[in-house]
Amino acid sequence: MELLMNGNFLAICGAALAALAGIGSAIGVGIVGQAAAGVVAEDPKKFGSTLILQALPGTQGIYGLLVAFIIMNKIGLIGGNMAELTTGQGGFLLAASLPIFIVGIISAIHQGKVAASGVMLVSKRPEEVAKAMVYAAMVETYAVLALLASFLMVNGLTI
Amino acid sequence: MAIVKMNKISIIGLGDVKTRLIRELMDLGVVEISSQDSKLTDSEWISYVEKDGDESEVLNLEADISKVNSVLVSLDKYDKTKKPMFSSKKTVSIDEFENKVLDNKSIIENVGLVLNLNNNLNELTNEENKIVSNILSLKPWIKYGLPLELSETKYTSIFTGVVPNVSSSENLINEVKEKVNTCFIELINSDKDQNYLSVICLKSDKDEVFELLKQYGFNTVVFKDLIGTAAENIVKYEKEISETSNKKKQIEADISESVQYIDDIQLYYDYLVIERDKLKSLDNILKTNKTFYIEGWLPQKSKEKVESVLKQNECWYEINEPEEGEEFPILLDNNTLVDPFEVITGLYSLPSSSNIDPTSSMWFFFVFFFGMMLGDVGYGLILALACGLVVKMFKLEGTSGKMLKSLFWCGISTMFWGVMFGSYFGDGIVAAAKTIFNVDIIIKPFWTNPMEDPMNVLIVSFAFGLIHLFVGLGVKAYMLIRDGKPLDALYDVGFWYLFIIGPVLLLAGGTISPVLVIIGKYMTIIGMIGLVLTQGREKKNIISKLTSGVLSLYGITGYLSDVLSYSRLLALGLATGVISSVLSIMGSMGGHTIIGIILFLVVFVIGHSLNFAINALGAFVHSARLQYVEFFGKFYEGGGEPFNPLTKKTKYIKIIKEEN
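Analysis parameters
Residues numbered from 1 in each chain as written. Chains lettered and ligands numbered in written order. Predicted model: local features only at pLDDT ≥ 70, side-chain atom pairs only at ≥ 80, totals over all residues. Heavy atoms only, no water. Helix = DSSP H or I, 4+ residues; strand = E, 2+ residues; numbered from the N terminus. Rg over C-alpha atoms; globule rule 2.2 N^0.38 Å. Contact = heavy atoms within 4.5 Å. Areas by Shrake-Rupley, 256 points an atom, 1.4 Å probe, with all protein chains shown as cover. Buried < 20%, exposed > 50% of the residue type's maximum accessible area, 1.4 Å probe, protein only. Pairing = 2+ DSSP bridges. Polar contact = N/O pair within 3.5 Å; in protein donor to acceptor, adjacent residues only side chain to side chain. Buried area = accessible area lost by both parts, 1.4 Å probe. Salt bridge = Lys/Arg side-chain N within 4 Å of Asp/Glu carboxyl O. Axes fitted to C-alpha atoms, helices over the stretch in contact; angles between N-to-C directions. Parallel < 35°, antiparallel > 145°, perpendicular 65-115°, else oblique. Nonpolar A, V, L, I, M, F, W, Y, C, P; charged D, E, K, R; others polar. Phe/Tyr/Trp six-rings, centres within 6.5 Å; stacked < 30°, edge-to-face > 60°. Lys NZ or Arg CZ within 6 Å of the ring centre and 35° of its normal. Domains from an automatic or database assignment. Disulfide = S-S within 2.5 Å. 1 Å grid on protein atoms, 1.4 Å probe; cavity = no way out; pocket = protein on both sides within 12 Å on 5 of 7 lines; lining within 4 Å. Points joined across faces, edges and corners; volume = space filled by probe spheres on them.

Considerations on the overall build of chain B
A count of helices and strands for chain B gives 23 helices and 14 strands. Computed over the C-alpha atoms, the radius of gyration of chain B is 39 Å, more than 25% above the 26 Å expected from 2.2 N^0.38 for a compact globule of 660 residues. Put simply, 81% of the contacts in chain B that link residues at least 6 apart link residues at least 24 apart. A total of about 34900 Å² of accessible surface is found on chain B, and carbon and sulfur atoms cover 59% of it.

Examining the overall build of chain A
Summing up its helical and strand segments, chain A has six helices and zero strands in all. When the helices and strands of chain A are read in sequence order from the N terminus, they spell out α-α-α-α-α-α. Expressed as lengths along the three principal axes of its C-alpha atoms, the size of chain A is roughly 60 × 25 × 25 Å. The buried share of chain A, taken over its 159 residues, is 48%. Across chain A, the fraction of contacts at a sequence separation of at least 24, relative to all contacts at a separation of at least 6, is 86%. A total of about 7100 Å² of accessible surface is found on chain A, and carbon and sulfur atoms cover 69% of it.

Comments concerning the pairing of strand β8 (residues 194–202) of chain B
Residue and element names in this part refer to chain B. Sheet topology places strand β6 (residues 156–164) next to β8; nine bridges connect them, and they run antiparallel. From the neighbouring strand, S157 faces β8, where its bridge partner is C201. In this sheet, β8 lies alongside strand β7 (residues 184–190) in antiparallel orientation, the contact comprising six bridges. Counted as the bridge partner of S190 is N195 from β8. The hairpin formed by β7 and β8 contains three residues between the paired strands.

Section: the side chain of B:N611
Residue and element names in this part refer to chain B. Position of N611 relative to the elements: it lies in helix α23 (residues 594–635). Side-chain polar atoms of N611 contact the side chain of Y379, separated by 2.9 Å. Reaching out from N611, the side chain makes a polar contact with the side chain of N615 at a distance of 2.4 Å. Setting aside its immediate chain neighbours within four residues, N611 contacts Y379, T576, I579, S580 and L583.

Brief notes about the interface of chain B and chain A
Interfaces are frequently sized by the accessible area removed from exposure as the parts join. On the side of chain A, 28 residues touch chain B, which itself brings 27 residues to the contact. Together chain B and chain A conceal approximately 2300 Å² of surface at their shared face, both sides included; 83% is due to carbon and sulfur atoms. The interface formed by chain B and chain A holds zero salt bridges in total. Where chain B packs against chain A, one counts four residue pairs in polar contact (both at pLDDT 80 or more). Secondary structure elements with two or more residues in the side of chain B that touches chain A: α12 (342–348), α17 (454–482), α22 (568–587) and α23 of chain B. With 11 residues, α22(B) is the largest single contributor of residues to the side of chain B that touches chain A.

Thoughts on the packing of α22(B) against α23(B)
Between two packed helices, both the angle of their axes relative to each other and the distance between the axes serve to describe the pair. All names here are of chain B. The contact between α22 and α23 brings their axes to 8 Å, and the two run at 170 degrees. On the basis of the axis angle, α22 is roughly antiparallel to α23. Along the contact surface, α22 presents R568, L569, L572, A575, T576, I579, S580, L583, S584, M586 and G587, while α23 presents G596, L599, F600, V603, G607, H608, N611, N615, G618, H622, R625 and L626. Its residues assigned to classes, the contact of α22 with α23 comprises 10 nonpolar, 11 polar and two charged.

Thoughts on the packing of aromatic side chains
Residue and element names in this part refer to chain B. Enumeration over the complete set of coordinates arrives at 45 aromatic pairs over all chains. Relative to F223, the ring of W141 has its centre 5.7 Å away and its plane inclined at 85 degrees; by these criteria the two rings are edge-to-face. On the criterion of sequence distance, the pair formed by W141 in the loop between α6 (105–138) and β6 and F223 in the loop between β9 (219–221) and α9 (230–258) is long-range, its members being 82 residues apart. A cation sits over an aromatic face here: K39 above W45, 4.9 Å from the ring centre.

Thoughts on the domain arrangement of chain B
Here chain B is described as being made up of domain 1 (150–222) and domain 2 (359–634). Look at where the C-alpha atoms of domain 1 of chain B and domain 2 of chain B centre, and you get two points 82 Å apart.

Points about unusual backbone geometry
All names here are of chain B. Residues other than glycine seldom take positive phi values, yet E314 does so here, at roughly 55 degrees. With a relative accessible area of 71%, E314 lands in the exposed category. A positive phi angle is found at F425, which is not glycine, with a value near 50 degrees. Within the secondary structure, F425 sits in the loop between α15 (398–421) and α16 (428–437).

Observations regarding the state of the cysteines
What the rule picks out here adds up to zero disulfides over all chains. In this structure B:C183 is a free cysteine whose sulfur lies 5.0 Å from that of B:C201, the closest cysteine sulfur available.

A look at the side chain of B:S565
Residues and elements named next belong to chain B. Tracing the chain through its elements places S565 in the loop between α21 (555–564) and α22. Residue classification places S565 among the buried residues on the basis of a relative accessible area of 6%. Aside from chain neighbours lying at most four places away, what touches S565 is R625, L626 and E630.

Topic: the sheet that holds β9(B)
Residues and elements named next belong to chain B. Read across the sheet, four strands follow the order β7-β8-β6-β9 without closing on themselves; strand pairing throughout is antiparallel. If you trace the sheet from one side to the other, it starts and ends with β7 and β9, each paired once. Each strand of the sheet is rotated relative to its neighbour by a mean of 35 degrees, with strand direction disregarded. Taken strand by strand, helix α7 (residues 169–179) contacts β6, β7 and β8, and its axis lies near 170 degrees from that of β7.

Focus on the pattern of salt bridges
All names here are of chain B. One pass over the structure, following the stated rule, counts 27 salt bridges over all chains. Between K203 and E152 there is a salt bridge whose closest N-O contact spans 3.4 Å. One end of the pair, K203, is in the loop between β8 and α8 (206–215); the other, E152, is in the loop between α6 and β6, and 51 residues separate them in sequence. A residue is classified by how much of its surface remains accessible, and E152, at 47% relative accessible area, is partly exposed. Across the salt bridge formed by D483 and R482, the nearest N and O atoms sit 3.2 Å from each other. Accessibility expressed as a relative area gives 37% for R482, which makes it partly exposed.

As for empty space enclosed by the protein
Counted under the stated rule, the structure contains two cavities of 30 Å³ or more. Considering only enclosed or pocket space, the largest cavity measures out at about 50 Å³ in volume. A total of four residues in the lining of the largest cavity trace back to one element, the largest contributor, which is α23(B). What the second largest cavity holds in volume is close to 40 Å³. In this structure, the second largest cavity is lined by A:T59, A:I62, A:Y63, A:E140, B:L572, B:I614, B:N615 and B:G618. Looking at the lining of the second largest cavity, the elements that each hand over two or more residues are α4 (59–74) of chain A together with α23 of chain B.

Written out as structure tokens, the structure reads:
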């Protein structure tokens, strides 16, 4: 119980949750990869365009890492001398990590599904790769917004 | 600028000049011949004309093309010369081209030769596969000492076979030996699926032995046409394999020898494609016994060139403007700066013929936003240099060339924003100075560092978004005025301007001057009243007019979400910057030591390559999205068919006319 009230512990939990957004990216990139491999088996020349589509759901993991990093930076974990946080401050950072944690995972999975359908689109109409990319980017918008929300919250806290 | 004006052309001429005319039109490359299928079902036309074109001849050419293509593919495999990453077309003068094509005997011979070699190679590969599978099936019997063809002696019967490896083979052997004591049975080999058995018994006992074996699932194995022991046969097969692989090597060497003819074969391929296209164009031509009829499109500015060709060939022709509302094929024409960005428009969809070419109003925002989202001097420099050099060195044309030219400008814009944000490989340069040379340098951003001051950059992002949307609305107003509906422009665009700028001033203008708040208030009120009164103008009765008007005010939420969407300009910029600083911190962990410097360099190169790749992709996709969804959504309507003139669509060579 004492640990749960420790501000530093809560802050590290926040950083960990943010980094967990990578789960969604892993699943999303995996879904696209499966679809892409099937298409490339038919036509190896499509490797480039399908690889681009596969990269798209990967960004949520990066956004998560980014928020994790700014939390760690904020509490001085990276510099080596961690600040003593109050329970409130720790809880604040934990809460700030939630947007990118939850939205990141869910949006990456859905973006993966859209991008996988995009791979199918590219297999029939290779010239339409940009449209497939834009469809996937529509989903990513919400991850971007969540990143922004998390970032501004962390940035707003003074320690 | 913008969409090229197209004229409709109808041509009637004598059948004698048809081939020449088509060749000359192809040389000009400015006339699209449109399909006349609708006339073939029109009773007025059908009694006079029939469809031209020779499908079987086209199919023949297609077959030749695919043959030559397969030759080119196989030659490409054995071509040892270094190929550039981006291949550009070889230029060939028209005389040279025609000479080579006229004297194409040796080319055809070479094509046939390579085709033959390919076939032989395939046969040998098949043979090799067969032998390999034979060896595999003989391998288990390698310890079987009797000749395979020996199936009986005077008194005994000799046979071989397999039983599934489910129960131990000892049981089987013992049982057989017990019941038929004259029978010799031996386990030759066994693997995880099967036991391999050799059986010798008296002819009289054969049936009984078979009955016993059957209970264990025995299957006889017969070696057809094989003489000698299994081991001898395997040796023989292995010799054959080495022979075939020698033969294959010989053939491959022969094919490699033919690689020297690849240029001529490529030229021949393009020649066949041109001939095919000429023949195919006949499909869209109508003919009578002695005459032919062509209908199509040509850009207005090429009218005179086409006219002179038609006059020379003594054809009757008529060139008209398209009728009101008639859709015509789309060709975009822009100055050299804007031109590459047509590819971004094309990726969305070409404009319909009643719309407008959005490229000239869109390109600047595309480049500007791309730069803001990548925002790093180092990355911009790499992007601009790489794209610029590739375009210069390989003289790329077409879509890929345009794309690279667009990215070149995006790189320049990225450098600009890098300076504004003070980002040179993030803080990589500062960290490098510290780790490698142990000196402290400070690079100040020209404007502000988005990581320290995100709110300012966010507000500026929204402001850019607002400007972008207003330009989009402005284009819509321009189109309405162009089409003679200035009042609609006022209702649908003007009032929205008031109703968007008004609230912004009302809420934020107070920080600059209280007068702005009052102006904002009146703008809001006028805009609101205007929208309520006009947005329902299509409706019939007064009540539904007003309801539609009031409901239209809800559209402000749409503009709000559009503007919020531009927050990605900050967010993606942050992503680049923060990852860069993570890299710097990771790289600096070793400190100012030899190992530390090596660590730094490794992290720097690998990390920044990855960061650059993923963020450049993100910047491109999201910049395109802002154009396609937010900007085009305000005015643009796609769905135009691209102009597809009869021209020489060559793949390997570029035929140029010699200057006389």
